[in-house]
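One-letter residues, chain by chain:
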Amino acid sequence: MVPNLLVLGGTTEATALCRALAEAGLAGTISFAGRVKRPVRQPLPQRVGGFGGVAGLVSYLRAEKITHVVDATHPFAAQMSRNAIAACAEAGVPLVALTRAPWMAQEGDQWTSVQSIDAAVAALDRPATRVMLAIGRMNLPAFAPHPQHFYLLRLVDPPETPPPFPDHHIVVDRGPFDTQGDLDLMRSFDISLVVSKNAGGTGAYAKILAARALRLPVIMIDRPQVPERRELHSVQAVLDWVHHASTDLGV
């Protein structure tokens, strides 16, 4: 039996991993949650949509004879990560997370770290200002209690319903972004505050560099906690893990 992987995708790291798996001749499927209408095309077969909780994922792993699972979801896709941990334990399928280090405040950064989206919303209980709200479209409704601000929204897809803010501007774009572009964007909209998830990686770091250069305060939302699991930090490390896990399982 040859390895048959399930990659839980949604990050640039997942795309790089799928490319490496295809080049190595390894079989696998990448799964997307379906929150992005136009996911980046992958060199592996794709599926889109949820599994139906832990029980549904267990059934999928067994039906598709999955031998390894790699969780390469966004650091804020905590529920999917929790489901993967529980399902792989129940199905007896090896699991590893391909993760990236969180951003750390550097000299010149003016961060206020908060533990959740709700805490970020509370932090905006202040006089009207001009906010770059870089948190994705799924969490926009949470910020409706503070309509006094102007909100600059950069989204991968246009929202299906208008954002709950009377004063806003939407930029539809997909990263990776560059620092000069984000500097120009923040200056053109006279941004005075940035709200960001601590996604880590390089694709979205430009806004943090731009905020530092402009000496703008940043409300930084910490990552949600997930149960302990094995984590690796490079595509090559995952490929090595697949080889060793396969050997250990007799695959």
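Everything discussed here concerns the structure shown above.
What counts and how
- Residues numbered from 1 in each chain as written.
- Predicted model: local features only at pLDDT ≥ 70, side-chain atom pairs only at ≥ 80, totals over all residues.
- Heavy atoms only, no water.
- Axes fitted to C-alpha atoms, helices over the stretch in contact; angles between N-to-C directions.
- Helix = DSSP H or I, 4+ residues; strand = E, 2+ residues; numbered from the N terminus.
- Parallel < 35°, antiparallel > 145°, perpendicular 65-115°, else oblique.
- Left-handed = near helix turned anticlockwise from the far one by under 90°.
- Contact = heavy atoms within 4.5 Å.
- Nonpolar A, V, L, I, M, F, W, Y, C, P; charged D, E, K, R; others polar.
- Salt bridge = Lys/Arg side-chain N within 4 Å of Asp/Glu carboxyl O.
- Buried < 20%, exposed > 50% of the residue type's maximum accessible area, 1.4 Å probe, protein only.
- Polar contact = N/O pair within 3.5 Å; in protein donor to acceptor, adjacent residues only side chain to side chain.

Peer 1: With reference to specific residues and values, describe the packing of helix H2 (residues 53-63) against helix H3 (residues 78-91).
Peer 2: Where H2 contacts H3, the two axes come as close as 8 Å, and the packing angle between them is 50°. Classified by the angle their axes make, H2 and H3 are oblique. Where H2 crosses over H3, the two elements pack in a sense that is right-handed. Packed against H2, whose contacting residues are Gly-53, Val-54, Leu-57, Val-58, Leu-61 and Arg-62, the element H3 presents Met-80, Asn-83, Ala-84, Ala-86, Ala-87, Cys-88, Glu-90 and Ala-91 at the interface. Partitioned by chemical class, the residues of the contact of H2 with H3 number ten nonpolar, two polar and two charged.

Peer 1: Break down the pattern of salt bridges for me, with residues and values.
Peer 2: Throughout the structure, instances matching the rule amount to five salt bridges. Taking the shortest distance from any N to any O, the salt bridge between Glu-13 and Arg-100 comes out at 2.8 Å. Within this pair, whereas Glu-13 is found in helix H1 (residues 12-23), its partner Arg-100 is found in the loop between strand E5 (95-98) and strand E6 (110-114), the two being separated by 87 residues in sequence. A single burial state applies to Glu-13 and to Arg-100, both of which are buried. Salt bridges linked by common partners bring Asp-71, Arg-229 and Glu-231 together as one network.

Peer 1: Give me the side chain of Asp-109: which residues, what numbers.
Peer 2: Within the element layout of this structure, Asp-109 appears in the loop between E5 and E6. You can call Asp-109 buried: its relative accessible area is 16%. In this structure the side chain of Asp-109 is engaged in a polar contact, spanning 2.6 Å, whose partner is the backbone nitrogen of Gln-106. Within the structure, Asp-109 has its side chain in polar contact with the side chain of Arg-212 (distance 2.7 Å). If near-sequence neighbours (up to four positions away) are discounted, Asp-109 is found in contact with Met-104, Ile-208 and Arg-212.

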